[in-house]
Amino acid sequence: MFLKPRLNAPAASRPRRTLAFRLTVAYSLVGLSLVLLATASLYIVLRTELDRSTELFLADKLHVLRTILRERPNDRDALREEIELETAARRYQQFYIRLLDDRGVPILTTPGMAEQLDVAELIRQTRNRPEHSVSMTGFHGRGFRVASAMAWSGSSPARRDTIQIAIDISQEEELLLRYRWWFWAILLASSVLFPLLGYRIARHGIRPVEEIAATARSITSTNLRERIRAEGYPSELASLAGTFNEMLDRLEESFERISRFSADIAHDLRTPVNNIRGESEVALARARDVKEYREVIESTLEEAVRLSELIGDLLFLARAESPLTELRRERVNVGKLLGAVRDYYEASASDGGLSLLADEGAEPLTAELDRALMLRAVSNLVSNAIAHSPTGATVTLAARAEGAAIRIEVSDTGVGIPAEALPRVFDRFFRVDPSRSKASGGTGLGLAIVQSIMTLHGGRAEISSQFGHGTCVTLCIPVLAAS
Ligand SMILES: Nc1ncnc2c1ncn2[C@@H]1O[C@H](COP(=O)(O)OP(=O)(O)OP(=O)(O)O)[C@@H](O)[C@H]1O
Ligand SMILES: [Mg+2]
């Protein structure tokens, strides 16, 4: 025989990452991306703004020089002021200017320009890009922004001069360099801090989940009273804890019911077995005549019948609870079914001085039901009604359609059930007065069986009773096919 390969084997063998780990990774990635995005975009904005301010400065200088050349071509002092003197007074954004005549001979040059940058390189760089600024590096590694432009000097005849201008942008470059250092430092600090903070937040967030898991682990069948204390939990986890506690409530109740049920079974099985044993021992203690033996065997048989009925009922309940149990549905005339039950119980009812009536209704009422089970359910109700009704009482069976359901009612004018016992009458082995019912042979399983039959049919059984006045049990069944 071949063993089926486990399809999920690789996934199962892969080590599982903890939720805290996943959350930490997610927080860190998101945090780092945000820091990266913010600092990088700030850097780009800063660089663009610095470039723009240099361009504006360049354009402004060219404009001033052109104006002087055009309007006051012979005002040497004004030109010298602009080209030679102004930059000497500056500490920031120093600039160097060369003014050349139309033959390329320098007219005025800012002092120190030739020491700062290669003028020939400046001419080469700007030759084909008039009016545009270009970056270049000076002799001392300083950054410059250079441009070259035409200027018309005088009016008639106008002379075409050339202005070469270089602006020292090393301070801006230093600023950007410092910014980049800060950028890497912030990124490094974030990549250490985010995982640490993320881990703390994740641990704090999943602490309630771990507490719930710890409680779940500590719960055993002997320890079902344990509950999760959800104070201080966020609402989602508080509702999870609440749901979990409700599940434990239900489990605890079911466990209690099951253990009560087992104790009841043991008790109910022991009584007839003890009776059989006791009677047999007494009978065998000395020699007896045939009549005495006969009496003992009859009594033993009675107990055996009781035992086998009890076992049969228990087996029925166990099978009814199995999800594999299927109904043998057939078209049943409900009125006729009630008539059959009435006929069956007629004799015992009249023995007890009761009148047993079946209201079969004017209209025939049919539905897809399991006939044998329905007979059993209605019989259980009628036998209860007969058992708990004094002479002169009436037991009535009736059926009617109500919307998409049919309702079968078995009512009596008997002793009734006390209000406090009413909610428990459908429980297994429950008897309002165990001693009295024992005498009449009741085991307390009849109504539990009725309820399971209703559950199998997708319906339910309801009971109402007035103590001292009578009881009415209603079977409410959704109809699959009724005419
Ligand atoms: N019509 C009724 N009138 C008064 N009491 C009732 C009536 N039907 C049920 N009871 C009460 O409910 C209890 C449970 O009923 P149920 O049919 O489950 O068990 P039982 O009749 O005692 O035993 P079983 O039906 O297994 O032989 C009964 O013991 C009885 O006290
Ligand atoms: Mg009964």
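This structure is a prediction, so every number in the text was calculated from the model and none was measured. (Residues numbered from 1 in each chain as written. Chains lettered and ligands numbered in written order. Predicted model: local features only at pLDDT ≥ 70, side-chain atom pairs only at ≥ 80, totals over all residues. Heavy atoms only, no water.)

Glancing now at the nonpolar core. In terms of nonpolar packing, the biggest core is built from 54 residues, with Met374, Val378, Val382, Leu397, Ile408 and Leu475 touching the most fellow members. Looking at this core, the element that brings in the most residues is helix H10 (residues 371-387), giving eight residues. Each of domain 2 (235-321) and domain 3 (329-478) gives at least three residues to this core. Among all residues touching isoleucine 408, those that are not within four sequence positions of it are Val334, Leu338, Met374, Val378, Ala398, Ala399, Val473, Thr474, Leu475 and Ile477. The next biggest cluster of nonpolar side chains, apart from the first, holds 20 residues, and it includes Leu69, Phe95, Leu108 and Ala147. (Core = buried A, V, L, I, M, F, W, Y, C linked by side-chain atoms within 4.5 Å. Buried < 20%, exposed > 50% of the residue type's maximum accessible area, 1.4 Å probe, protein only. Helix = DSSP H or I, 4+ residues; strand = E, 2+ residues; numbered from the N terminus. Domains from an automatic or database assignment. Contact = heavy atoms within 4.5 Å.)

This next bit is on the site of ligand 1. In the vicinity of ligand 1 there are 18 residues, among which Asn384, Thr443, Gly444, Leu445 and Leu447 approach most closely. In the model, an oxygen atom of ligand 1 is placed 2.8 Å from a nitrogen or oxygen of the asparagine 384 side chain. At 3.0 Å, a backbone N or O of glycine 446 approaches an oxygen atom of ligand 1. Listed by contribution, the elements that provide at least two residues to the shell around ligand 1 are H10 and helix H12 (446-456). (Near = heavy atom within 4 Å. Polar contact = N/O pair within 3.5 Å; in protein donor to acceptor, adjacent residues only side chain to side chain.)

Right, let's talk about helix H9 (residues 334-351) for a bit. Over its 18 residues, H9 extends 26 Å from the first C-alpha to the last, a length consistent with the 26 Å expected when each residue adds 1.5 Å. Maximal helix bending in H9 amounts to about 50 degrees, located at tyrosine 345. Within H9 the residues assigned to the buried category are Val334, Gly335, Leu337, Leu338, Gly339, Val341, Arg342, Tyr345 and Ala349. (Expected span 1.5 Å × (residues − 1). Bend = angle between axes of the 7 residues up to and from the residue.)

Before going further, it helps to examine the domain arrangement of the protein. Taken domain by domain, the protein holds domain 1 (22-177), domain 2 (235-321) and domain 3 (329-478). The gap between the C-alpha centroids of domain 2 and domain 3 is 23 Å. In this assembly, 14 residues from domain 2 lie in contact with 16 residues from domain 3. Taken together, both faces of the contact between domain 2 and domain 3 bury some 1400 Å²; the carbon and sulfur share is 63%. Considering only the surface of domain 2 that becomes buried against domain 3, Arg306, Phe316 and Leu317 emerge as the three largest contributors, covering 39% of it. A salt bridge links aspartate 268 to arginine 431; its shortest N-O distance comes to 3.6 Å. On the surface where domain 2 and domain 3 come into contact, there are one residue pair in polar contact (both at pLDDT 80 or more). At eight residues, the largest contribution of residues to the side of domain 2 that touches domain 3 is made by helix H8 (residues 290-321). (Buried area = accessible area lost by both parts, 1.4 Å probe. Salt bridge = Lys/Arg side-chain N within 4 Å of Asp/Glu carboxyl O.)

The next subject is the packing of H10 against H12. Any two packed helices are characterised by how steeply their axes cross, that is the angle between the axes, and by the distance between the axes. At a minimum axis separation of 9 Å, H10 and H12 run at an interaxial angle of 150 degrees. Considered as vectors, H10 and H12 are oriented roughly antiparallel to each other. Between H10 and H12 the crossing geometry is left-handed. Contacts between H10 and H12 involve Leu373, Met374, Arg376, Ala377, Asn380, Leu381 and Asn384 from the former and Gly446, Leu447, Ile449, Val450, Ile453, Met454 and Leu456 from the latter. Split by residue class, the contact of H10 with H12 holds 10 nonpolar, three polar and one charged. (Axes fitted to C-alpha atoms, helices over the stretch in contact; angles between N-to-C directions. Parallel < 35°, antiparallel > 145°, perpendicular 65-115°, else oblique. Left-handed = near helix turned anticlockwise from the far one by under 90°. Nonpolar A, V, L, I, M, F, W, Y, C, P; charged D, E, K, R; others polar.)

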